[in-house]
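# Structural features, examined
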Amino acid sequence: MSDFHGTEDGTHREARTFEALPPARGRGFARTWWGHAWLQALEDTALDGQQVKLGRRHARAGAVGAVSVRPGRLTAVVRDRDGTAHRADVLLQELRAADWDRLLDMVADRAGHLAALLDRDMPPQLVEDAAAAGVELLPGIGDLEPSCGCEAWDHCAHTAALCYQMARLLDQDPFVLLLLRGRGEEELLGELQARSAARAQAYAPEPEADGESGLVPVAGAGVLAAEAFAAGQEPAPLPAPPPRVDEAGAAPALGGGAPPGPGVDIAALEFLIRDSAERAGRQLAEALSPWHADTPPTPGPTLSEDAVRMAAAGPPAAVAGRLAAGSGRDAKGLAAAVRAWRQGGPAGLAVLEKEWTPGAEELARATAGLAASWADDADRPRMRVTRNRWTVVGTGAQLRLDREGRWWPYRKERGHWLPSGPPDEDPAAALASATGTAEAAETDQG
């Protein structure tokens, strides 16, 4: 539920209260990449790993009560095994007004980001674009500040349990993170709608219609650019750009009661129409963005990559089966490819499916990065290296190096290596994601 609380300046700000979640037995606490990033911030911040593990057990047992989320603060009552109740708070710094302006301008300029948020999704590209604009949405090391009635000075089991419960809430709705950063969903959507409308008005052409017919005249065919430049002519001004399209229109219903023709798959055709409309909207938003002229074009996906991209959009089961067959994969192979795509798009898919052998220079950089991440040889895990893959001996964790020098965490599940998180420049941080997820999976199975 949502409500509003007063502030010292007399304004009212949105707050949300979430009922206590049931015990989380048999499942992990984070299924989305941003949920994993939230837990990574907790694990990187807490000084006592045993308290973090105890907090995870508290959250798994359902010891966390209703969670209140408001700008800058999480609050819940957490009970120990003996029933003792403690009020736990976790504080996260709100974004400044200037940060919100940059973030909202960026989202308003990219229809795909707004569509993703409305679909309760937070694609990595949105977070990366926000960071490029100087706005860090997800917390980092030291950003999650604990405060608990048990008077612990660091993260205790109670604040850790609250963070684990928060990861489950974030999985369901990334707007919870934005509220914690200072703006509620209703306020955000209102501001985004106003900015989108202002941009549409600014880009709207103002043609002059013919007085008699009421029709707008169409420009002539013009001349070849080479001829115009050869004659020293000044180029004519470009026409006004088309207005923005905030969201794709509703896809038509193709059934109509009549049976389809031979070989026509109605569900697949409707899915392709929706997908094409959404892609066209994203491309138009990018073309209208102020940085478009300075951004080099990205190569289009291959047929195999495009099949994975469409499968990641959640098509009907029958369409997903056709995408798997068309891409040369079985159902499990397509599921793994979709998982890699959601972690990093084409780059994530390439790391899953393509091995490569680092040259002397790449290998030297990788070795130096590993040495810097574990300064103490005693702390450095033993790894077996095969081409671009570093497997931690005796565990189900692995790091894969891409051609950009980034480390991708992988874990072994039922005999297959699968991606477990987004890439990181720091191999130790990437490995923590892989080993942490693997540990949680083992706990769930136990």
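These figures come from a predicted structure and were not determined experimentally.

### What to know about helix α13 (residues 331-353)
When the terminal C-alpha atoms of α13 are compared, their 15 Å separation across 23 residues is substantially less than the 33 Å that a helix rising 1.5 Å per residue should span. At Gly344, α13 shows its maximal bend, which comes to roughly 130 degrees, and the proline Pro346 appears one to four places after that position. Within the sequence span of α13, burial applies to Leu334, Ala336, Ala337, Val338, Ala340, Trp341, Gln343, Gly345, Gly348, Leu349, Val351 and Leu352. Where α13 begins, one side-chain oxygen reaches toward the backbone nitrogen of Lys332, 3.3 Å away; that side chain belongs to Asp330.

### Observations concerning the sheet that holds strand β11 (residues 416-419)
Pairing is antiparallel in the open sheet, where five strands are placed in the order β7-β8-β9-β10-β11. Only two strands of the sheet have a single partner each, and these edge strands are β7 (383-386) and β11. Averaged over all neighbouring strand pairs, the angle between strand axes comes to 30 degrees, with direction disregarded. When β7 meets strand β8 (residues 389-392), the two strands line up antiparallel, connected through four bridges. Each bridged residue has a counterpart across the sheet, and for Met383 the counterpart in β8 is Val392. In the packing of α13 onto the sheet, the strands contacted are β8, β9 (397-401), β10 (407-413) and β11, and the crossing angle to β10 comes to about 140 degrees. Strand contacts of helix α14 (residues 360-373): β7, β8, β9 and β10, with the helix running at about 30 degrees to β8, the strand carrying the most contacts.

### Side note on the confidence of the model for the protein
For the protein, per-residue confidence averages 81 on the pLDDT scale, and residues scoring 70 or more make up 84% of the total. Scored below 50 in pLDDT, residues 2-12 makes 22 contacts in the model with residues more than four places away or belonging to other chains. pLDDT under 50 marks residues 212-217. Its contacts with residues more than four places away, or in other chains, come to six contacts.

### Here we look at the environment of Pro427
By the element assignment, Pro427 lies in helix α15 (residues 427-445). Its relative accessible area of 2% is what places Pro427 among the buried residues. Residues Pro427 and Trp407 lie 20 residues apart in sequence; the distance between their C-alpha atoms is 5.7 Å. When residues no more than four places from it in sequence are discounted, the contact partners of Pro427 are Gly369, Leu370, Ser373, Trp374, Leu399 and Trp407.

### Observations concerning helix α1 (residues 33-45)
For α1, built from 13 residues, the straight-helix expectation of 18 Å at 1.5 Å per residue is met to within 8% by its first-to-last C-alpha distance of 18 Å. Among all positions of α1, only Trp33, Trp34, Gly35, Trp38, Leu39, Gln40, Ala41, Leu42 and Thr45 are buried.

What counts and what doesn't
Residues numbered from 1 in each chain as written. Predicted model: local features only at pLDDT ≥ 70, side-chain atom pairs only at ≥ 80, totals over all residues. Heavy atoms only, no water. Helix = DSSP H or I, 4+ residues; strand = E, 2+ residues; numbered from the N terminus. Expected span 1.5 Å × (residues − 1). Bend = angle between axes of the 7 residues up to and from the residue. Buried < 20%, exposed > 50% of the residue type's maximum accessible area, 1.4 Å probe, protein only. Polar contact = N/O pair within 3.5 Å; in protein donor to acceptor, adjacent residues only side chain to side chain. Pairing = 2+ DSSP bridges. Axes fitted to C-alpha atoms, helices over the stretch in contact; angles between N-to-C directions. Contact = heavy atoms within 4.5 Å. pLDDT = per-residue confidence, 0-100.

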